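# Geometric and topological summary
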Amino acid sequence: MDSVIIINNEELGHGDRELGMKLMGAFLRKVWASPDKPQAILLYNSGVRLAAKGSEALGAMVGLYEAGVDILACGTCVEHYGLKDQMAAARISNMEEIASIILTGKNVVTV
């Protein structure tokens, strides 16, 4: 596993929620547009909302998923937020697989 992005929140940074959501959308669009895409994006806690129907960032998430980025959503988190039937750009995984990817990743970044 080369590069892995961990997203544990639907907002980028701390402070104003609306601004944080805009920043996360902009970040994901830039990653999608980049020729150097990560091998995987790991979503947990409220980060799973980014790959669900209705997300403002869904276009970028679908683009990344279709470009071959392995997007994994924590199953416990998906269940917690009631999104099981709403996931549109990620496969539902578990903490065992997520931990394994983090431990074997060479460039792991949390945003």
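The rules behind these values
Residues numbered from 1 in each chain as written. Predicted model: local features only at pLDDT ≥ 70, side-chain atom pairs only at ≥ 80, totals over all residues. Heavy atoms only, no water. Helix = DSSP H or I, 4+ residues; strand = E, 2+ residues; numbered from the N terminus. Buried < 20%, exposed > 50% of the residue type's maximum accessible area, 1.4 Å probe, protein only. Polar contact = N/O pair within 3.5 Å; in protein donor to acceptor, adjacent residues only side chain to side chain. Axes fitted to C-alpha atoms, helices over the stretch in contact; angles between N-to-C directions. Parallel < 35°, antiparallel > 145°, perpendicular 65-115°, else oblique. Left-handed = near helix turned anticlockwise from the far one by under 90°. Contact = heavy atoms within 4.5 Å. Nonpolar A, V, L, I, M, F, W, Y, C, P; charged D, E, K, R; others polar. Pairing = 2+ DSSP bridges.

### Re the environment of Thr 104
Positionally, Thr 104 belongs in helix α4 (residues 95–104). The exposure class of Thr 104 is partly exposed, given its relative accessible area of 48%. Within the local environment of Thr 104, its side chain forms a polar contact with the backbone oxygen of Ser 100, the two atoms lying 2.9 Å apart.

### A word on the packing of helix α1 (residues 17–33) against helix α2 (residues 58–66)
Between α1 and α2, the least distance of the axes is 9 Å, while the angle of their chain directions is 25°. Compared by their axis directions, α1 and α2 come out roughly parallel. Classified by chirality, the crossing of α2 by α1 is left-handed. Across the interface between the two elements, Leu 28, Arg 29, Val 31 and Trp 32 from α1 touch Gly 59, Ala 60, Met 61, Gly 63 and Leu 64 from α2. By residue class, the composition of the contact of α1 with α2 is 6 nonpolar, 2 polar and 1 charged.

### Notes on the environment of Glu 56
Along the chain, the position of Glu 56 falls in the loop between β2 (40–43) and α2. Note on Glu 56: relative accessible area 68%, which makes it exposed.

### Structural notes on unusual backbone geometry
Located in the positive-phi region is Asn 45, a residue other than glycine, with phi close to 50°. The residue Asn 45 is located in the loop between β2 and α2 in this model.

### A few points about the sheet that holds strand β3 (residues 70–74)
Strand order in this open sheet of 5 strands is β4-β3-β2-β1-β5, and the pairing throughout is parallel. Lying at the two open borders of the sheet, with one neighbouring strand each, are β4 (91–93) and β5 (107–110). Strand after strand, the sheet turns through a mean of 25° between neighbouring axes, direction not considered. Sheet topology note: the β2/β3 ladder contains 4 bridges and is parallel. Directly across from Leu 42, in β3, lies its bridge partner Leu 72.

Everything listed here is a matter of geometry and, on its own, says nothing about what the molecule does.
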